[in-house]
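Descriptive structure summary
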Amino acid sequence: MDDVYSRAGDKADPPLLYPDYRSTAVRSPRQPLITIPQTISEITGPVYGHSDVRPEEADLTRQHAGEPLGERIIVTGRLLDEAGRPVPNSLVEIWQCNAAGRYIHAVDQHPAPLDPNFTGAGRCVTDANGVYRFVTIKPGAYPWGNHLNAWRPAHIHFSLLGPSFLTRLVTQMYFPGDPLFPFDPIFNSVPDAKARERMISRFDMDTTKPEWALGYIWDIVLRGPAATPLDNDND
Ligand SMILES: [Fe+2]
């Protein structure tokens, strides 16, 4: 069977080995990649799991008895193909740390408080115009041990699941004006400065809701010269 989905990355993507990002030294392949043919189950299998995506899953501030601490934000944007056409009906999943910079994960031992009202995971499906929208709280910066005094800029992880498992893309969204950008090897592993800017959301007053939440817009372009760079890892 010929490949149905492209395996090619985009020029904007970071290299698999980027020495300043230390864990890529052990995770990047040492041998040439072996091409395994795409199979019917991979290209046609269901990708949403066993239950439908519920609208409330897009609001990360309403998953517990109380509201999470932190700065409430709205994050929205469009999923676009290389021609600027919206990509509807695509599953968008996000995960993030809490406002103090801590994930609910056994590996995360950063001495910052967990928030009993914040899990940090949500999902939604793009509408007919390719629009996704989440309500959440702004994640904090956190230390990650890559080198002395290594701190990640505030970010939200995004997974985009197209029509099959083979079309999953993973990337990170950042916030404008973060002072940690020049120091972050993950952000800077994307070689092109303009491509790095495409990972940064923009503050938008029209999305901002009075007395409620700040609004950020981030469009995601799947391919082509304006493509959003992909992520090598989940730090
Ligand atoms: Fe992270």
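By convention here, each chain's residues receive numbers from 1 onward along its written sequence. With the structure being a predicted model, the display of local features is reserved for residues of pLDDT at least 70 and the display and counting of side-chain atom pairs for 80 or more, all residues being used for whole-chain, interface and lining totals. Where side-chain values are given, they derive from all heavy atoms of the structure, hydrogens and water being excluded.

**Things to note about the coordination of the iron ion**
For a metal bound by four donors in tetrahedral geometry, the ideal donor-metal-donor angle is 109.5 degrees, whereas six donors in octahedral geometry ideally sit at 90 or 180 degrees. Filter applied, for reference: Each metal site lists N, O and S donors within 2.8 Å (3.2 Å for Na, K and Ca). With water left out of the atoms, a site can look as if it is missing ligands. Site shape is set this way: if four donors have all angles between 85 and 135 degrees, tetrahedral; if opposite donors are over 155 degrees apart and all others between 65 and 115, square planar for four donors and octahedral for six; otherwise irregular. Secondary structure is summarised from DSSP: a helix means a run of H or I of at least four residues, a strand means a run of E of at least two, and numbering begins at the N terminus for each. Buried, partly exposed and exposed residues are distinguished by accessible area as a fraction of the type maximum, computed with a 1.4 Å probe on protein chains only: under 20%, between the cut-offs, and over 50%, respectively.
Taken together, the protein ligands of the iron ion are Tyr103 (OH), Tyr142 (OH), His155 (NE2) and His157 (NE2), with distances of 1.9 to 2.2 Å. Coordination at the iron ion is irregular: its four donor atoms span angles of 91 to 158 degrees at the metal. For the iron ion, all donor residues lie on one chain, and their spacing in sequence is Y-x38-Y-x12-H-x1-H. Of this pair, tyrosine 142 sits in strand E5 (residues 142-143) while histidine 157 sits in strand E7 (residues 155-161), and the two are 15 residues apart along the sequence. On the accessibility criterion, tyrosine 142 (6% relative accessible area) is buried.

**Digging into the nonpolar core**
For the record, the criterion: Remark: nonpolar core denotes a set of buried residues (Ala, Val, Leu, Ile, Met, Phe, Trp, Tyr, Cys) joined through side-chain atoms within 4.5 Å. Any two residues whose heavy atoms approach within 4.5 Å at even a single point are treated as in contact.
Residues Tyr132, Phe134 and Phe158 are the most contacted members of the largest nonpolar core, which totals 23 residues. For this core, the elements supplying multiple residues, two or more each, are strand E1 (72-80), strand E2 (91-95), strand E4 (131-137) and E7. Excluding residues that lie within four positions of it along the chain, tyrosine 132 makes contacts with Val75, Thr76, Gly77, Arg78, Val92, Cys124, Thr126, Phe158, Trp218 and Ile220. Core analysis: the next-biggest nonpolar cluster, separate from the first, contains 15 residues, Tyr18, Tyr103, Ala150 and Ile186 among them.

**Considerations on the packing of aromatic side chains**
Quick reminder of the rule: Pairing of aromatic rings covers Phe, Tyr and the six-membered ring of Trp, with a centre-to-centre limit of 6.5 Å; geometry is then stacked below 30 degrees between planes, edge-to-face above 60, and tilted otherwise.
Enumeration according to the criterion identifies 11 aromatic pairs in this entry. The interplanar angle of 75 degrees and the centroid separation of 5.5 Å between the aromatic rings of tyrosine 21 and tryptophan 144 together place this pair among those described as edge-to-face. Here tyrosine 21 is found in the segment before helix H1 (24-27), whereas its partner tryptophan 144 is found in the loop between E5 and strand E6 (151-152), with 123 residues between them in sequence. Joined through ring pairs, the aromatic side chains of Tyr132, Phe134, Phe158 and Trp218 make up one cluster.

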